[in-house]
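Below are the chains, spelled out letter by letter.
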2 protein chains.
Amino acid sequence: METSAPNPAQSSATYRRNTKQRTAIVAMLSSFDDFRSAQQIHDLLTERDNPVGLTTVYRALQALAADGAIDVIIADDGEARYRLCSRGHHHHLVCRGCGSTVEVAGPTVERWAAKVAAEHGFTEPEHTIEISGLCPNCQAN
Amino acid sequence: METSAPNPAQSSATYRRNTKQRTAIVAMLSSFDDFRSAQQIHDLLTERDNPVGLTTVYRALQALAADGAIDVIIADDGEARYRLCSRGHHHHLVCRGCGSTVEVAGPTVERWAAKVAAEHGFTEPEHTIEISGLCPNCQAN
DNA sequence: CTTTGTGCAAAGGCTTTGCATGCTT
DNA sequence: AAGCATGCAAAGCCTTTGCACAAAG
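Residue numbering note: each chain is counted from 1, following its sequence as written. Lettering for chains starts from A, numbering for ligands starts from 1, and both go in the order in which the items are written. For a predicted model such as this one, the threshold for reporting local features is a pLDDT of at least 70, and the threshold for listing and counting side-chain atom pairs is 80 or more; totals across whole chains, interfaces and linings nevertheless cover every residue. The basis for every side-chain value is the complete set of non-hydrogen atoms in the structure, without hydrogens or water.

Asks: Explain the confidence of the model for chain A to me, and be specific about the residues and the numbers.
Replies: Residue and element names in this part refer to chain A. The pLDDT value expresses, per residue, how confident the predictor is, ranging between 0 and 100. Residue-level pLDDT values for chain A average 83, and 87% of them are 70 or greater. Only DSSP runs of H or I reaching four residues or more are called helices, and only runs of E reaching two or more are called strands; each is numbered from the N terminus. When mean pLDDT is taken per element in chain A, helix 3 (residues 54-66) scores highest with 96 and strand 1 (residues 2-3) scores lowest with 47. In the predicted structure, residues 1-11 sits below a pLDDT of 50 and forms 37 contacts with residues beyond four places in sequence or in another chain. Only heavy atoms enter the contact rule, under which two residues are in contact if any of them lie within 4.5 Å.

Asks: Any chance you could break down the packing of aromatic side chains for me, citing the residues and the numbers?
Replies: Here a ring pair, both rings aromatic, is described through the centre-centre distance and the interplanar angle of the planes. Aromatic contacts are taken between Phe, Tyr and Trp rings whose centres are within 6.5 Å, Trp giving its six-membered ring; a plane angle under 30 degrees counts as stacked, one over 60 as edge-to-face, and the others as tilted. Considering all chains together, one arrives at zero aromatic pairs over all chains under this definition. Across the ring face of Phe32(A), the terminal group of Arg36(A) is positioned such that the distance to the ring centre comes to 4.0 Å. Remark: a charge is flagged as sitting over a ring if the NZ atom of Lys or the CZ atom of Arg is within 6 Å of the ring centre and within 35 degrees of the ring normal.

Asks: Which residues make up helix 1 (residues 20-30) of chain B, and what values do they have?
Replies: Residues and elements named next belong to chain B. Those residues of helix 1 that sit buried are Ala24, Ile25, Met28 and Leu29. Buried residues in helix 1, looked at end-on, bunch into an arc of 135°, giving them a common side. In helix 1, those exposed residues whose orientation departs by more than 90 degrees from the buried face are Lys20 and Thr23. Each residue is placed in one exposure class: buried if its accessible area under a 1.4 Å probe, protein chains only, is under 20% of its type's maximum, exposed if it is over 50%, and partly exposed if it falls in between. Our arc is simply the arc of the directions from the helix axis toward the C-beta atoms.

Asks: Which residues make up the sheet that holds strand 6 (residues 101-104) of chain A, and what values do they have?
Replies: The strand order across the open sheet formed by six strands is 6(A)-5(A)-7(A)-7(B)-5(B)-6(B), and the pairing between neighbours is mixed. Because the sheet does not close on itself, it has two edges, and the strands there are strand 6 of chain A together with strand 6 (101-104) of chain B. With strand direction ignored, the average angle separating the axes of adjacent strands in the sheet is 20°. Each pair of strands is called paired provided DSSP finds at least two bridges between the two strands. One ladder, built from four bridges, connects strand 5 (residues 91-95) of chain B with strand 7 (residues 123-134) of chain B; its direction is parallel. Bridge pairing links Leu93(B) to Ile131(B) in strand 7 of chain B. Lines are fitted to the C-alpha atoms to define the axes, a helix being fitted only along its stretch in contact, and any angle between axes, read from their N-to-C directions, falls within 0 to 180 degrees. Across the sheet, helix 4 (residues 107-119) of chain B touches strand 5 (91-95), strand 6 and strand 7 (123-134) of chain A together with strand 5 and strand 7 of chain B, and the angle it forms with strand 7 of chain A is around 45°.

Asks: Go over the protein's contact with DNA strand D with me, naming the residues and quoting the values.
Replies: Near DNA strand D you find 19 residues, and of these Arg17(A), Thr19(A), Thr56(A), Arg59(A) and Tyr58(B) are the closest. When at least one non-hydrogen atom of a residue lies within 4 Å of a molecule or strand, that residue is treated as near it. For DNA strand D, the backbone portion of the atoms within 4 Å of the protein, that is sugar and phosphate, comes to 62%. Here a polar contact is taken to be a pair of N or O atoms separated by no more than 3.5 Å, where protein atoms must pair a possible hydrogen donor with a possible acceptor and residues adjacent in sequence count only if both atoms sit in side chains. One of the backbone nitrogen or oxygen atoms of Gly53(A) is found 3.0 Å away from a phosphate oxygen of DNA strand D. Taking Gln62(B), its side chain carries an N or O atom lying 3.3 Å from a phosphate oxygen of DNA strand D. When contributions to the surface near DNA strand D are tallied by element, the ones reaching two or more residues are helix 1 (20-30) and helix 3 of chain A together with helix 3 (54-66) of chain B. Here the surface near DNA strand D takes four residues from helix 3 of chain B, the largest share from any one element. Residues are sorted three ways: Asp, Glu, Lys and Arg are charged, Ala, Val, Leu, Ile, Met, Phe, Trp, Tyr, Cys and Pro are nonpolar, and all the rest, Gly among them, are polar. By residue class, the composition of the surface near DNA strand D is four nonpolar, nine polar and six charged.

Asks: Now, about the relation of the copies chain A and chain B: what can you tell me, with residues and values included?
Replies: When the copies are superposed, the least-squares fit takes in the C-alpha atoms of residues with a pLDDT of at least 70 in both. Under the fitted operation, chain A is carried onto chain B by 0.0 Å of movement along the axis and a turn of 180°, and the coordinates agree to an RMSD of 0.4 Å. The superposition of one copy onto the other is thereby described by a two-fold rotation axis. In this assembly, 100% of the residues forming the interface of chain A have copies in chain B that are likewise at the interface, indicating an isologous arrangement.

Asks: Break down the pattern of salt bridges for me, citing the residues and quoting the values.
Replies: Pairs can form between side chains of opposite charge whenever their charged atoms are close. A carboxyl oxygen of Asp or Glu within 4 Å of a side-chain nitrogen of Lys or Arg is what we treat as a salt bridge. On inspection of all chains with the given rule, the structure shows 12 salt bridges over all chains. In this structure, the salt-bridge partner of Asp77(A) is Arg81(A), at a minimum N-O distance of 4.0 Å.

Asks: How would you sum up the protein's contact with DNA strand C? Please name residues and give values.
Replies: Taken together, 18 residues form the shell around DNA strand C, and within it Tyr58(A), Arg17(B), Thr19(B), Thr56(B) and Arg59(B) come nearest. At the protein interface, 65% of the atoms of DNA strand C within 4 Å belong to sugar or phosphate. The separation between a sugar or linking oxygen of DNA strand C and a polar side-chain atom of Gln21(B) is 2.9 Å. Between a base nitrogen of DNA strand C and a side-chain N or O atom of Thr55(B), the distance comes to 3.3 Å. Residue assignment for the surface near DNA strand C shows that the elements contributing at least two residues are helix 3 of chain A together with helix 1 and helix 3 of chain B. The dominant element in the surface near DNA strand C, judged by the number of residues it contributes, is helix 3 of chain A, at four residues.

Asks: Summarise helix 2 (residues 38-47) of chain A; cite the residues concerned and give the values.
Replies: Residue and element names in this part refer to chain A. Taken together, the buried positions of helix 2 are occupied by Ala38, Ile41, His42, Leu44 and Leu45. The arc that holds the buried residues of helix 2, viewed along the axis, is 165°, so those residues lie on one side. Where helix 2 is buried, its residues meet helix 1, strand 2 (36-37), helix 3 and strand 4 (80-84). Looking one or two residues beyond helix 2, the residue adopting positive phi is aspartate 49, at roughly 50°.

Asks: Lay out the interface of chain A and chain B with the relevant residues and their values.
Replies: Counting residues at the interface gives 38 residues for chain A, matched by 38 residues for chain B. Across the interface of chain A and chain B, roughly 3,200 Å² is buried in total on both sides, 66% from carbon and sulfur atoms. Interface area lost by chain A to chain B is led by Trp112(A), Phe122(A) and Ile131(A), which between them contribute 21%. For the side of chain A that touches chain B, the secondary structure elements donating two or more residues are strand 5, strand 6, helix 4 (107-119), strand 7 and helix 5 (136-139) of chain A. Among the residues forming the side of chain A that touches chain B, the class breakdown is 21 nonpolar, 11 polar and six charged. Buried area counts how much accessible surface, traced with a 1.4 Å probe, disappears from two parts once they are put together, with both parts' losses summed.

Structure (structure tokens):
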């Protein structure tokens, strides 16, 4: 699975109107600290009596991503997952057994990635890193 | 975009029959050194008078991936791309302008990834790294 | 001869788009 | 009042599946 490099050019967050749907979606995202699919968000909103059209969920997530407010990852099955941007730049250590994630910061790789890009004459480098393994809990099984 | 870590458990490559379609697909893959989509492979085979059903292409790629013979990456648009496993483990530096890729080896990150996993008690670590930027050529434009 | 592979057509799943209506500003 | 936002339905893509036929061993 892939993590979009936390948007470096989170540009000029275009203007958006405040609607209760958008608010509900952001609130929903705030209640998680890990990634959820558009469908999951839509289903949860519906369950909690705050139904929002699936289309609207997709459009809101698209807008939030464009503004650099959320991180998007594309899972191995091609489905997108979203999560509010965390405060800093970091990567994920994902358990292949249970899917739990750990956020890791990595000054080492940041530098390495920048260096590699520079060595090949590439500018405006971004990077994507995902580490997976079996967490202590899943090793027991 | 995401690079599946070169299949570690490339298990017991199950038996497969030799058919001209499968041969053609592998030959096609051999002629590239970068990633192609199933559609691209299918189209090229058709153009080169060696038509193979799209379904067959998908099934063959699926089988090859299961055998650990090819690497699969899921692009940002959710489309899968395939490439014959390269000899060694490496990562990609991709140009966001023209899509050209450069293979880079990175002992530094390899160690870093292993260390991070170990620090959190994760075993059987695998990792995925993708670096993008603008290549010298595209900076001119 | 038996089993696996092939290919067409159709279905599936995620995401986007068209368009009329509703709400924000 | 003007314009973006919403939501339903429908369309688009990529990918998988059902099924009958062909090919491999």
